[in-house]
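# Structural description and commentary
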Amino acid sequence: MRICRVAWMPFRLPFATTFATARGMAAAREGLLLRLESTDGLEGLGEASPLPAFGGGTVEDVRALLHELAPALVGVEVEQAEAVLETLDMHRPGAAAVACAVDTALLDLSGRSAGRPVAALLGGQPGRAIPVNATIGWPDAGAAADAAVRAIAEGFRCVKLKVGLAGSVEAERARIAQVRRAIGPQAALRLDANGAWSPDLAIEVLRAVEAYGIEFVEQPVPADDLEGLARVRAGCRVPVAADEAACTPEQARRVVAAGAADILIVKPMAAGGLRAGRTIIALAAEAGLRALVTTTIDSGVGVAAALHLAAVLPDPPPACGLATAMLLDGDLIRPRPFPQDGTMRVPATPGLGVALDPARPACCGSAWEEVGAG
């Protein structure tokens, strides 16, 4: 089975409600949808959605890389196409997102051909129920608390609150306290600072909120400050998760060697694909650390890919950051990948187990760009 055509199309999905991180307000999620077609009439889907605010490149960077890479994929056996990805310079902006899209589409094609889910190809458990967290990005404390209450009412048992948005330690503490009061003592509460704090400020804030039963804090200091991350881990009782500091397997190894985290956050879009994400999960297990899988607030194609990767996690799986489709106004697939009672089930059908919305989504561009064998 050879690849006979590579096609891609841009999309733009607005956020359904106000969504803020320490890096600023987000209006929409943009990326490229990738489609690989094989000589036996099968199709594999992938998604390349970079995060410019986090140094992941732009959609134009992704498009340029696909123009360069696509001709090398045409005519190649699907089983050998992974080697083409090794020619991609992963230091170029947008490269991780492109690698994720191609890796996902190749696995989707292979799974459809073999009649096996992508989760099984990765060594995971198809059909597995994965607990998921709600993500709260309202900067206003009252609005954040209201959103958290709605999440608990919808069946979520874990809430992730974006922090680093307040102007002082006391304002951070008060906002976190209000959300904790709103969700009660039984629900898990985790924080995500997206690298907003200095080590000293992180320690001060986290010591101030220890009483609120924080499950862990995600990336409290900038990604390039491993020494600071290790200092925060040693300086407070709240467990520390490395996110932007551990995007790739190489970065994850450095985090482990520095003793800088208790948990590794695995994002396929930042890692360079599902197989790279699986490597990070294995690194965490070898080091005695926990790992969990999240999206980068992707379209349904990226969510499905991350859900299949979560099937690789050791038992019992932690709450993963996969319930992000609800943050966007619309999607590329039907049905949309929404959780039920705080869990999402890994598809047990061949490949990713998703299909594009047959009605052309308004969020997509006017036409596919493509390279083919003619």
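Values in this document were obtained by computation on a predicted structure and should not be read as measured data. (Residues numbered from 1 in each chain as written. Predicted model: local features only at pLDDT ≥ 70, side-chain atom pairs only at ≥ 80, totals over all residues. Heavy atoms only, no water.)

## Section: the sheet that holds strand S5 (residues 43-48)
- Strand order across the open sheet formed by four strands is S5-S4-S1-S15, with antiparallel pairing between neighbours. Of all strands in the sheet, those with a lone pairing partner are S5 and strand S15 (369-372), marking the two edges. Strand-to-strand, the axes of this sheet are offset by a mean angle of 20°, without reference to chain direction.
- In terms of strand pairing, strand S1 (residues 3-14) meets strand S4 (residues 28-38) through 11 bridges, oriented antiparallel. (Pairing = 2+ DSSP bridges. Helix = DSSP H or I, 4+ residues; strand = E, 2+ residues; numbered from the N terminus. Axes fitted to C-alpha atoms, helices over the stretch in contact; angles between N-to-C directions.)

## Topic: the packing of aromatic side chains
- Under the criterion given, the structure shown has one aromatic pair.
- The positively charged end of Arg35 is found above the aromatic ring belonging to Trp368, 4.1 Å away from the centroid. (Phe/Tyr/Trp six-rings, centres within 6.5 Å; stacked < 30°, edge-to-face > 60°. Lys NZ or Arg CZ within 6 Å of the ring centre and 35° of its normal.)

## Quick word on the environment of Pro314
- Structurally, Pro314 can be placed in the loop between helix H12 (300-310) and strand S14 (343-345).
- The spatial distance from the C-alpha of Pro314 to the C-alpha of Ala148 is 28 Å, given a sequence separation of 166 residues.
- Among all residues touching Pro314, those that are not within four sequence positions of it are Arg128 and Ile281. (Contact = heavy atoms within 4.5 Å.)

## A few points about the environment of Pro131
- Its place among the elements puts Pro131 in strand S6 (residues 129-131).
- As for Pro131 and Val217, which are separated by 86 residues in sequence, their C-alpha atoms are 18 Å apart.
- Apart from residues no more than four positions distant in its own chain, Pro131 is found in contact with Pro317, Pro318, Ala319, Cys320, Gly342 and Thr343.

## Thoughts on the pattern of salt bridges
- Overall, the coordinates contain 24 salt bridges when judged by the stated rule.
- As a salt-bridge pair, Arg5 and Glu37 come within 3.4 Å of each other at their nearest N and O atoms. Of the two residues, Arg5 is situated in strand S1 and Glu37 in strand S4; the sequence distance between them amounts to 32 residues. Glu37 carries the same exposure label as Arg5, and that label is buried.
- Of the charged contacts in the structure, one is a salt bridge between Arg173 and Glu170, with a shortest N-O distance of 2.7 Å. Here Glu170 and Arg173 lie together in helix H6 (residues 169-183), a separation of three residues that amounts to about one turn.
- Assessed through its relative accessible area of 24%, Arg173 is described here as partly exposed.
- Connected through salt bridges with shared partners, the residues Arg5, Arg35, Glu37, Glu43 and Glu370 form a single ionic network. (Salt bridge = Lys/Arg side-chain N within 4 Å of Asp/Glu carboxyl O. Buried < 20%, exposed > 50% of the residue type's maximum accessible area, 1.4 Å probe, protein only.)

## Considerations on the pairing of strand S12 (residues 263-266)
- Of the two faces of S12, the one lined by Ile263 and Ile265 and the one lined by Leu264 and Val266 are each fully buried.
- Read from strand S11 (residues 240-242) through helix H9 (residues 249-258) to S12, the crossover connection turns out right-handed. (Right-handed = clockwise from strand over helix to strand, strands pointing away.)

## Let's talk about the packing of helix H1 (residues 59-73) against helix H3 (residues 95-114)
- It is the contact of H1 with H3, at a shortest axis distance of 10 Å, that shows an interaxial angle of 40°. Here H3 runs oblique to H1, going by the angle between their axes. By crossing handedness, the relation of H1 to H3 is classed as right-handed. Between H1, through Val62, Leu65, Leu66, Leu69 and Leu73, and H3, the contact on the second element is made entirely by Ala95, Ala97, Val98 and Val102.
- In the contact of H1 with H3, the residues fall into nine nonpolar, no polar and no charged. (Parallel < 35°, antiparallel > 145°, perpendicular 65-115°, else oblique. Left-handed = near helix turned anticlockwise from the far one by under 90°. Nonpolar A, V, L, I, M, F, W, Y, C, P; charged D, E, K, R; others polar.)

## Thoughts on the environment of Ala81
- Relative to the assigned elements, Ala81 resides in the loop between H1 and helix H2 (82-85).
- The sequence separation of Ala81 and Arg2 amounts to 79 residues, and the corresponding C-alpha distance is 9.0 Å.
- Each residue touching Ala81, except ones within four places of it in the same chain, is listed here: Ile3, Leu73, Val76 and Leu106.

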